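Summary of structural features
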Amino acid sequence: VERNIACGGEMPDWFACDLSSCRVLQDVSAEIVTTCRSLGVQLQGACGKAREKLSSTEADAEACLSFLAAFGVLSSALIYVAGDLENTVTQPLQKTIATLSEESNGRLK
């Protein structure tokens, strides 16, 4: 059976796993999404506070701001990774789990 994911491509082979394995994958992907998003937001906050402090002290601020900008890029990347993972793994797995649960319940009747 060929399945398609939201962005139009074929689903990976591991999406064809059993119900309990899908639940494990969905749980871990949701946890990774939350962790990436949280770390990205925390980095943005820490970098923002540091930039505010640096703007008041001019000495060597340029090198420090460049360093903070790199972490700003990293924080944005983490937030985007979280969104991509949620859209390509977590949400499709929720649909797969619902389908497998429905099929399993149908077989039990």
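Values in this document were obtained by computation on a predicted structure and should not be read as measured data. (Residues numbered from 1 in each chain as written. Predicted model: local features only at pLDDT ≥ 70, side-chain atom pairs only at ≥ 80, totals over all residues. Heavy atoms only, no water.)

The helix and strand inventory of the protein stands at two helices and zero strands. When each of the 109 residues of the protein is scored for burial, the buried share is 27%. A sequence separation of at least 24 residues applies to 73% of the contacts in the protein between residues at least 6 apart. On the protein, roughly 7600 Å² of surface is accessible, and the fraction owed to carbon and sulfur atoms is 58%. (Helix = DSSP H or I, 4+ residues; strand = E, 2+ residues; numbered from the N terminus. Buried < 20%, exposed > 50% of the residue type's maximum accessible area, 1.4 Å probe, protein only. Contact = heavy atoms within 4.5 Å. Areas by Shrake-Rupley, 256 points an atom, 1.4 Å probe, with all protein chains shown as cover.)

What follows is about the nonpolar core. In terms of nonpolar packing, the biggest core is built from twelve residues, these being C17, C22, V33, C36, L43, L78, A82, L85, V89, L93, I97 and L100. Elements supplying a minimum of two residues to this core: α1 (19-56) and α2 (61-108). When residues in this core are grouped by element, the largest group, seven residues, is from α2. (Core = buried A, V, L, I, M, F, W, Y, C linked by side-chain atoms within 4.5 Å.)

The next thing to look at is the side chain of S75. Its place among the elements puts S75 in helix α2. Leaving out residues up to four positions away in the same chain, S75 has contacts with G40, L43 and Q44.

You can see V28 is positioned in helix α1. On the accessibility criterion, V28 (40% relative accessible area) is partly exposed. Between the C-alpha atoms of V28 and T90, which are 62 residues apart in sequence, the distance is 8.8 Å.

By the element assignment, T34 lies in helix α1. When its relative accessible area of 53% is taken as the criterion, T34 is described as exposed. Taking the C-alpha atoms as reference points, T34 and G83, 49 residues apart in sequence, are found 9.7 Å from one another.

Mean pLDDT over the protein works out to 81, with 77% of the residues at or above the 70 mark. Counting contacts from residues 1-8, a segment whose pLDDT is below 50, to residues more than four positions away or on other chains yields 13 contacts. (pLDDT = per-residue confidence, 0-100.)

Attention shifts here to a nonpolar patch on the surface. On the surface, F67, F71 and L74 cluster together into a nonpolar patch covering about 270 Å² of accessible area. Tracing the sequence through the fold places L74 in helix α2. (Patch = residues over 30% accessible without salt bridge, like charges linked within 9 Å, V, L, I, M, F, W, Y side chains within 5 Å. Salt bridge = Lys/Arg side-chain N within 4 Å of Asp/Glu carboxyl O.)

Right, let's get into the environment of A50. The residue A50 is located in helix α1 in this model. Between the C-alpha atom of A50 and that of C64, which follows or precedes it by 14 residues, the distance is 9.1 Å.

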